[in-house]
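Next come the chains, spelled out residue by residue.
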Amino acid sequence: MDESVIKNILVELKDIGVKAIEFSGGGEPLTHPSAREIMKFTAELGFDIGLVTNGLLLNKILDISNLFKFIRISLDAATKEVYYRTHGVNTFNTVIDNIYKATNYFSGNNIGIGYLITGINNEDILDATILAKKLGVRFIQYRPASLEYSVNENIWLEAKQLVDKALAFSDEKFQVFGAGIKWGHINERRYYYKCYTNSLVSVIKANGDVPMCVLKRNNMDSILGNIYSSSFSNIFFSKKHYNLIENNDLLKCRKPCKHDSYNIMYECYMQDLLHMNFI
């Protein structure tokens, strides 16, 4: 996507009240030739900005890393063997070197590691926390992946137990985020009836498509429109978006989803299940 197109979209998003922008994939956001300029421009507009990256090109934004609320490196391993199994490339040592440089360039207070648990990387879970702490990052975040294939329940149980052990490494300078209630969302039924909160977060893909939500980004039936043929506002506030939300079949949605918790809270509030005036 052209730099000028992206900047025009950012100005529009600012005008309609968007508060924060996360640069992430799909692909690797730092491969864009104007990534540094675009991210700096975004911060100058007054957005809170975040970055999710594979860490290979961190050098491109080291000098502006203080502009980010967070930079999360998708490591998903603690050894080059598990990294290759998870990512399919032999770049583990390069990424580790880049993380070390980044935490030393600034304080590292906004830099963390992401660990997506996919069923094939359990063995490195605990060691990843130890590694993260040695590298000087501020946090490590564990998340069970929303997969299109099933994983044995015992693998998820083992993963949760290992993450629970990793929590013991948290202190005033280092946080371990352990996925919380997402573990229960993997196999349990959904405790809400409609996904309204997917509209709290929008996605714009590199080709300009605007999907209904990030987990449906490759489902053509869930594409609301394309910013090359219409404005973001017209796409997002369209009748098509409203109809997709109203007719979305939760049984066809992947688990877990970040909106599971949001939707539970939303329905509790809208139906006054918690008797809000008595809290």
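Going by the structure above, here's the rest.
This section reports on the structure supplied with the text.

Rules of the game
Residues numbered from 1 in each chain as written. Predicted model: local features only at pLDDT ≥ 70, side-chain atom pairs only at ≥ 80, totals over all residues. Heavy atoms only, no water. Pairing = 2+ DSSP bridges. Helix = DSSP H or I, 4+ residues; strand = E, 2+ residues; numbered from the N terminus. Axes fitted to C-alpha atoms, helices over the stretch in contact; angles between N-to-C directions. Contact = heavy atoms within 4.5 Å. Phe/Tyr/Trp six-rings, centres within 6.5 Å; stacked < 30°, edge-to-face > 60°. Buried < 20%, exposed > 50% of the residue type's maximum accessible area, 1.4 Å probe, protein only. Parallel < 35°, antiparallel > 145°, perpendicular 65-115°, else oblique. Left-handed = near helix turned anticlockwise from the far one by under 90°. Nonpolar A, V, L, I, M, F, W, Y, C, P; charged D, E, K, R; others polar.

Moving on: the sheet that holds strand S6 (residues 175-177). Here we have six strands laid out as an open sheet, ordered S1-S2-S3-S4-S5-S6, and parallel in their pairing. Strands with a single pairing partner mark the edges of an open sheet, and in this sheet they are strand S1 (20-23) and S6. The sheet shows a mean angle of 20° between the axes of neighbouring strands, direction not considered. Of the pairings in the sheet, the one linking S1 to strand S2 (residues 48-53) comprises four bridges and is parallel in character. Note on S2: the bridge partner recorded for Ala20 is Asp48. Those strands touched by helix H5 (residues 125-135) are strand S4 (111-117), strand S5 (139-144) and S6, and its axis lies near 155° from that of S5.

Take the packing of aromatic side chains next. The full count for this structure, using the stated rule, is six aromatic pairs. Ring geometry for Phe139 and Phe177: centres 5.9 Å apart, planes at 65°, overall edge-to-face. Here Phe139, found in strand S5, pairs with Phe177, found in strand S6; they are 38 residues apart in sequence, far enough to count as distant. The class for Phe139 is buried, based on a relative accessible area of 11%. Judged by centre distance (5.7 Å) and plane angle (55°), the rings of Tyr196 and Tyr266 are tilted. Residue Tyr196 is found in the loop between helix H7 (182-185) and strand S7 (209-211), and its partner Tyr266 is found in helix H10 (residues 259-270); the two are separated by 70 residues along the sequence.

In this structure, Pro256 follows Lys255 across a cis peptide bond, with omega equal to -15°. Within the secondary structure, Pro256 is located in the loop between helix H9 (239-247) and H10. Residues other than glycine seldom take positive phi values, yet Asp76 does so here, at roughly 60°. In this fold, Asp76 is placed in the loop between strand S3 (70-74) and helix H3 (80-87). The phi torsion at His275 lies on the positive side, around 50°, for a residue other than glycine. On the secondary structure map, His275 appears in the segment after H10.

In this section: the packing of helix H1 (residues 3-15) against helix H2 (residues 35-44). For the pair H1 and H2, the least separation of the axes is 11 Å and the interaxial angle reads 15°. Considering the angle they form, H1 stands roughly parallel to H2. In terms of crossing hand, the pair formed by H1 and H2 is right-handed. Contacts between H1 and H2 involve Glu3, Ile6, Lys7, Leu10 and Val11 from the first element and Glu37, Ile38, Phe41 and Thr42 from the second. Class assignment of the residues belonging to the contact of H1 with H2 gives a composition of five nonpolar, one polar and three charged.

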